[in-house]
Amino acid sequence: GAGVSQTPSNKVTEKGKYVELRCDPISGHTALYWYRQSLGQGPEFLIYFQGTGAADDSGLPNDRFFAVRPEGSVSTLKIQRTERGDSAVYLCASSLMGTSDEQYFGPGTRLTVT
Amino acid sequence: KNEVEQSPQNLTAQEGEFITINCSYSVGISALHWLQQHPGGGIVSLFMLSSGKKKHGRLIATINIQEKHSSLHITASHPRDSAVYICAVRFGGAQKLVFGQGTRLTINP
């Protein structure tokens, strides 16, 4: 079956612009996670959805970052007024129920802010 | 502070060698994951464990809850094992994963 997909795979944008990154989780997975990975570092947690609601958004770095999952499947990570420091690979993962389930990762979106 | 430390950061070995990558964490956890990331590729989950030992092919993962330590072993290493190996833990009742910085493994033929 299809795994987690993310679009676009690469995004180059100018400083100050708005971007949207999309994640399609595995069908039937209720838990969805966004992570950010800077070059040479391990991923860092951004936000976790259980169904349509954000159960934990403690990793969002500031109010320029926002994520939605209106129908409990596809999620969009939105970044306003992008800054060069936002450049990273943004990873999405999903799991069946959350809690102690294994997480399945997407290929990531590489965001470059110039 | 909930922290995850991996060692070594970089490891180069010859094909066939036995490989060990270590992960230590600061406080009690509910689960520990070992992940593999190839250059330019996505992350693949290798193991999820909360106690004892798991084996899959040439890979073995162990965890010692009392010592707050886990190891990932690769037997009969092969160049295709070259990748970044990442340890990630779920602390207490939290849902999010906290990741180590990764270990870059290079296996030379």
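Residues numbered from 1 in each chain as written. Chains lettered and ligands numbered in written order. Predicted model: local features only at pLDDT ≥ 70, side-chain atom pairs only at ≥ 80, totals over all residues. Heavy atoms only, no water.

Draft legend 1. View of the overall build of chain B. Of regular secondary structure, chain B possesses 0 helices and 11 strands. Reading the secondary structure of chain B in the N-to-C direction produces β-β-β-β-β-β-β-β-β-β-β. Over its C-alpha trace chain B gives a radius of gyration of 13 Å, about what one expects of a compact globule, namely 13 Å for 109 residues. Once the C-alpha set of chain B is aligned to its principal axes, its extents read approximately 45 × 30 × 20 Å. The burial tally for chain B puts 44% of its 109 residues in the buried class. Nonlocal contacts in chain B, meaning residues at least 24 apart in sequence, comprise 56% of its contacts between residues at least 6 apart. For chain B, the exposed area adds up to about 5100 Å²; of that, 50% sits on carbon and sulfur atoms. Taken as two groups, the 10 positive and 6 negative side-chain charges of chain B have centres that lie 10 Å from each other. (Helix = DSSP H or I, 4+ residues; strand = E, 2+ residues; numbered from the N terminus. Rg over C-alpha atoms; globule rule 2.2 N^0.38 Å. Buried < 20%, exposed > 50% of the residue type's maximum accessible area, 1.4 Å probe, protein only. Contact = heavy atoms within 4.5 Å. Areas by Shrake-Rupley, 256 points an atom, 1.4 Å probe, with all protein chains shown as cover. Lys, Arg positive; Asp, Glu negative; His and termini not counted. Charge placed at Lys NZ, Arg CZ, Asp CG, Glu CD.)

Draft legend 2. Up close: the pairing of strand β6 (residues 52-56) of chain B. Residue and element names in this part refer to chain B. Sparse coverage of β6 is indicated by the burial of 0 of its 5 residues. Two elements, β6 and strand β7 (residues 59-64), share 5 bridges in a ladder whose sense is antiparallel. By the bridge assignment, Lys-54 is partnered in β7 with Ala-61. Taking the residues between adjacent antiparallel strands as the criterion, β6 and β7 are bridged by 2 residues, where Gly-57 takes a positive phi near 60°. (Pairing = 2+ DSSP bridges.)

Draft legend 3. Structural detail: the sheet that holds strand β3 (residues 19-24) of chain A. Residue and element names in this part refer to chain A. Strand order in the open sheet formed by 4 strands is β1-β3-β8-β7, and the pairing between neighbours is antiparallel. Of all strands in the sheet, those bounded by a partner on one side alone are β1 (5-7) and β7 (65-68). The sheet shows a mean angle of 15° between the axes of neighbouring strands, taken without regard to direction. (Axes fitted to C-alpha atoms, helices over the stretch in contact; angles between N-to-C directions.)

Draft legend 4. Structural view of the nonpolar core. Leu-32, Trp-34 and Val-89 of chain B are the most contacted members of the largest nonpolar core, which totals 23 residues. Elements that contribute at least two residues to this core include exactly β3 (19-25), β4 (29-37), β5 (43-49), β7, β8 (69-74), β9 (83-91) and β11 (103-108) of chain B. For this core, the element with the highest residue contribution is β9 of chain B, accounting for 5 residues. Val-89 of chain B has contacts with Val-4, Tyr-25, Ile-29, Ala-31, Leu-32, Lys-96, Leu-97 and Val-98 of chain B, leaving out every residue within four places of it along the chain. Residues Leu-21, Ile-26, Ile-79 and Tyr-90 of chain A belong to the second largest nonpolar core, which totals 20 residues. (Core = buried A, V, L, I, M, F, W, Y, C linked by side-chain atoms within 4.5 Å.)

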